[in-house]
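Summary of the model geometry
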Amino acid sequence: MQILSESQETGSDGRPADPGDVWIVVAAFNEVEVIRSVVETLQDADYRIVVVDDASTDGTGGQLRGTRAHVCRHAVNLGQGAALQTGIRYALMHGARYIVTFDADGQHRAADVPRLLEPLVDDRCDAVLGSRFTGDGRAVDIPAAKQLVLRLATIYTRFTVGIRVSDTHNGLRAFSCAAAKKLEITQNRMAHATEMLKLIRRHRMRFVEVPVVVYYTDYSLGKGQKMQNAFNIVWDCFTELFRRCA
Amino acid sequence: MRLIQVVLVVGALSSLLAYLTYFRSALRDRLIALVLFGTAVGAIVIPEATTVVANALGVGRGADLLTYILATGSVFAAILLYTKIHNTDRTVTELVRSMAIMDAEAPPDSEAEEDGRLPVNRAA
């Protein structure tokens, strides 16, 4: 395993992160059709992978037999935020240097991961957020309504969190281990995306958005967040705010 | 004493007894329950008293005052319950997370030779 001394300049010469230092956290709930191919594209790149099976009922866990993924199983369904937190803790316990969160539904490309890691390896950032709406990032076959909701979410986030990003709800993110240790996601359901941004701000993490490509397939559209979830997210954030005041 | 008063007093008394019997709560909470019970019985047996209190507070009728107290009381109770449920959720999350990490399945040859740790799933 490659050992980088702390003083060594790792970034300027463009050396990529050692895949063995990189843990990909995949939160999966009922993804039996695609989970195996998602894990396989990641293990082809030699990353460490932890899949958190959020009490799937369709045999998602069985699909992982024979892969190189570590599997944590929630005994009851807790939601994506909780599953990510479980995976992050597991990765940290196993000495992860960089942690990448990656959606289980096949929306992301493993090829984007090195781009996310670059600013971390260079130590220019503590957190890197994938964005489908910046630079050469793309959202392939995105439905118009979805695009609108995502745009509105960025405006909402600018006011409530005070962070200006072009894509608030992109599951592809990367954190240094120091930053990941500070992430304590308490929003079990979908509001964790906003919560992560809040934590980035609260801990004054250096962050950057990196263009990524997100694919909208019939599968991901059927599986992904329903539109009414936008309401749930606002509601979760609101109650969180209320509890903070109370 | 009217029949309704008897029914209400019996109801209040059963609630108090049920609370004291089934919930081993803090002494403070039990005292609060006793005070509430006393107030309730007072209001049932001497309904005119509520009107006196209501007038003192600027409310016309005792029954109106009771409505206001009931409304704020139920909101307060809802918040209390919500907080409790939320805390329970957090506990469950932590528990499920610990179990998931403890029982994690590592791929067979994963870290054993690399950093000397045994794969997690070999323990069983």
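Everything numeric in this text was worked out from a predicted model, so none of it was measured. Numbering of residues starts from 1 in every chain and runs along the sequence as written. Whichever chain is written first becomes A and whichever ligand is written first becomes 1, with later ones labelled in order. Per-residue local features of the predicted model are confined to residues with pLDDT of at least 70, and side-chain atom pairs are confined, for both listing and counting, to 80 or more; whole-chain, interface and lining totals are unaffected and use all residues.

With respect to the overall build of chain A
Secondary structure is summarised from DSSP: a helix means a run of H or I of at least four residues, a strand means a run of E of at least two, and numbering begins at the N terminus for each. For chain A, the helix and strand inventory stands at eight helices and nine strands. Scored against the burial criterion, the 246 residues of chain A give a buried share of 46%. Sequence-distant contacts, at least 24 apart, represent 76% of the contacts inside chain A between residues at least 6 apart. Counting other C-beta atoms within 10 Å of a residue's C-beta gives its exposure: the residue is buried at 20 or more, exposed at 12 or fewer, and partly exposed in between, where C-beta atoms are placed from the backbone. Here contacts are defined at the residue level, using C-beta atoms placed from the backbone and a cut-off of 7 Å between them.

Focus on the pairing of strand 5 (residues 127-131) of chain A
Residue and element names in this part refer to chain A. Among the five residues that make up strand 5, five are buried, leaving the element largely enclosed by the rest of the structure. Of the strand pairs in this sheet, strand 5 and strand 8 (residues 207-211) are connected by five bridges, and their pairing is parallel. Considered in strand 8, the bridge of Ala-127 is made with Phe-207. At least two DSSP bridges between two strands are required for those strands to pair.

A word on the sheet that holds strand 4 (residues 98-103) of chain A
Residues and elements named next belong to chain A. Sheet architecture is open: seven strands sit in the order 3-2-1-4-7-5-8, paired in mixed fashion. The open sheet has two edge strands with one neighbour each: strand 3 (69-73) and strand 8. Across the sheet, the mean angle separating the axes of adjacent strands is 20° when strand polarity is ignored. With six bridges connecting them, strand 1 (residues 22-28) and strand 4 associate as parallel partners. Looking at strand 4, one finds that Trp-23 is bridged to Ile-99. Across the sheet, helix 1 (residues 35-44) lies against strand 1, strand 2 (48-53), strand 3 and strand 4, angled at about 160° from strand 2, the strand it touches most. The angle between two axes is taken between their N-to-C directions and runs from 0 to 180 degrees, where each axis is a line fitted to C-alpha atoms and a helix contributes only its stretch in contact.

Notes on the environment of Arg-201 of chain A
Residue and element names in this part refer to chain A. You can see Arg-201 is positioned in helix 6 (residues 192-202). In this structure Arg-201 comes out as partly exposed when scored by C-beta crowding, with 13 C-beta atoms within 10 Å. Residues Arg-201 and Ala-96 lie 105 residues apart in sequence; the distance between their C-alpha atoms is 23 Å. Excluding residues that lie within four positions of it along the chain, Arg-201 makes contacts with Val-161, Gly-162 and Ile-163.

Looking at the packing of helix 1 (residues 3-22) of chain B against helix 2 (residues 27-45) of chain B
All names here are of chain B. Running from N to C, helix 1 and helix 2 point in directions that differ by 175°, and their axes come no closer than 10 Å. Compared by their axis directions, helix 1 and helix 2 come out roughly antiparallel. When helix 1 is examined against helix 2, the residues Gln-5, Leu-8, Val-9, Ala-12, Leu-16, Tyr-19 and Leu-20 are found in contact with a partner set consisting of Arg-30, Ala-33, Phe-37, Ala-40, Val-41, Ile-44 and Val-45. Any angle that is under 35 degrees is reported as roughly parallel, and any over 145 degrees as roughly antiparallel; angles of 65 to 115 degrees are reported as roughly perpendicular and all others as oblique.

What about the domain arrangement of chain B?
What marks off one domain from the next here is an automatic or database domain assignment. By the assigned domains, chain B splits into domain 1 (1-45) and domain 2 (62-106 + 119-124). Averaged C-alpha coordinates put domain 1 of chain B and domain 2 of chain B at centres separated by 28 Å.

Considerations on helix 4 (residues 144-160) of chain A
Residues lying three or four places apart along an α-helix face the same way, a consequence of the helix completing one turn every 3.6 residues. Take the residue count of a helix, subtract one, and multiply by 1.5 Å to get its expected span. Here helix 4 of chain A spans 24 Å end to end across 17 residues, near enough to the 24 Å set by a 1.5 Å rise per residue. Immediately beyond the C-terminal end of helix 4 of chain A, within one or two residues, lies Gly-162 of chain A, with a positive phi of roughly 80°.

Concerning the interface of chain B and chain A
One frequent convention defines the size of an interface as the accessible area lost when the parts assemble. Opposite the 13 residues of chain B that make contact, chain A presents 19 residues. Of all the elements, helix 4 (residues 62-102) of chain B adds the most residues to the side of chain B that touches chain A, at six residues. Classification used: nonpolar for Ala, Val, Leu, Ile, Met, Phe, Trp, Tyr, Cys and Pro, charged for Asp, Glu, Lys and Arg, polar for all others including Gly. Each residue belonging to the side of chain B that touches chain A can be placed in one class, and the counts come to seven nonpolar, one polar and five charged.

A few points about the nonpolar core
Residues and elements named next belong to chain A. By convention in this section, buried Ala, Val, Leu, Ile, Met, Phe, Trp, Tyr and Cys residues joined through C-beta atoms within 7 Å make up a nonpolar core. With 67 residues, the main nonpolar core has Ile-24, Val-25, Val-26, Val-50, Val-51, Ile-99 and Val-100 as its most contacted residues. With seven residues, the top contributor of residues to this core is strand 1. In contact with Ile-99, other than residues within four places in its own chain, are Trp-23, Val-25, Ile-88, Ala-91, Ala-174, Phe-175, Cys-177 and Ala-180.

Some words on unusual backbone geometry
Residues and elements named next belong to chain A. One non-glycine residue, Asn-30, adopts positive backbone phi at about 50°. Looking at the element boundaries, Asn-30 is found in the loop between strand 1 and helix 1. Here the phi dihedral of Asp-46 falls at roughly 70°; this positive angle occurs in a residue that is not glycine. Tracing the sequence through the fold places Asp-46 in the loop between helix 1 and strand 2. The exposure class of Asp-46 is exposed, given the 12 C-beta atoms found within 10 Å.

Let's talk about the confidence of the model for chain A
Per-chain confidence: chain A averages 86 in pLDDT, with 89% of residues scoring 70 or above. Contacts from residues 1-12 of chain A, a stretch scored under 50 in pLDDT, to residues over four places away or in other chains number ten contacts. Per-residue confidence from the predictor is reported as pLDDT, a score between 0 and 100.

A short note on the packing of helix 3 (residues 47-57) of chain B against helix 4 of chain B
Two quantities define a packed helix pair, namely the angle between the axes and the distance from one axis to the other. Residue and element names in this part refer to chain B. Where helix 3 meets helix 4, the axes come as close as 7 Å, and the angle between the chain directions of the two elements is 75°. Looking at the two axes, helix 3 sits roughly perpendicular to helix 4. Of the residues in helix 4, those in contact with Pro-47, Thr-50, Thr-51, Val-53, Ala-54 and Leu-57 of helix 3 are Gly-62, Asp-64, Leu-65 and Leu-66. Residues of the contact of helix 3 with helix 4, tallied by class, amount to six nonpolar, three polar and one charged.

Section: the confidence of the model for chain B
Residue and element names in this part refer to chain B. Summarising the model, chain B shows a mean pLDDT of 87, and 87% of its residues fall at 70 or more. Per-element confidence in chain B ranges from a low mean pLDDT of 48 for helix 5 (residues 112-115) to a high of 94 for helix 4. Note on residues 116-124: pLDDT is under 50 here. Beyond four places in sequence and across chains, it has 13 contacts. This complex was scored by the predictor with a pTM of 0.79 and an ipTM of 0.82.

Looking at the environment of Asn-170 of chain A
Residues and elements named next belong to chain A. Inspection of the secondary structure assignment puts Asn-170 in the loop between helix 4 and strand 7 (173-176). Taking the C-alpha atoms as reference, Asn-170 lies 6.1 Å from Gly-130; in sequence the two are 40 residues apart. Discounting chain neighbours no more than four positions away, the residues touching Asn-170 are Leu-129, Gly-130, Ser-131, Arg-132, Val-212 and Val-214.

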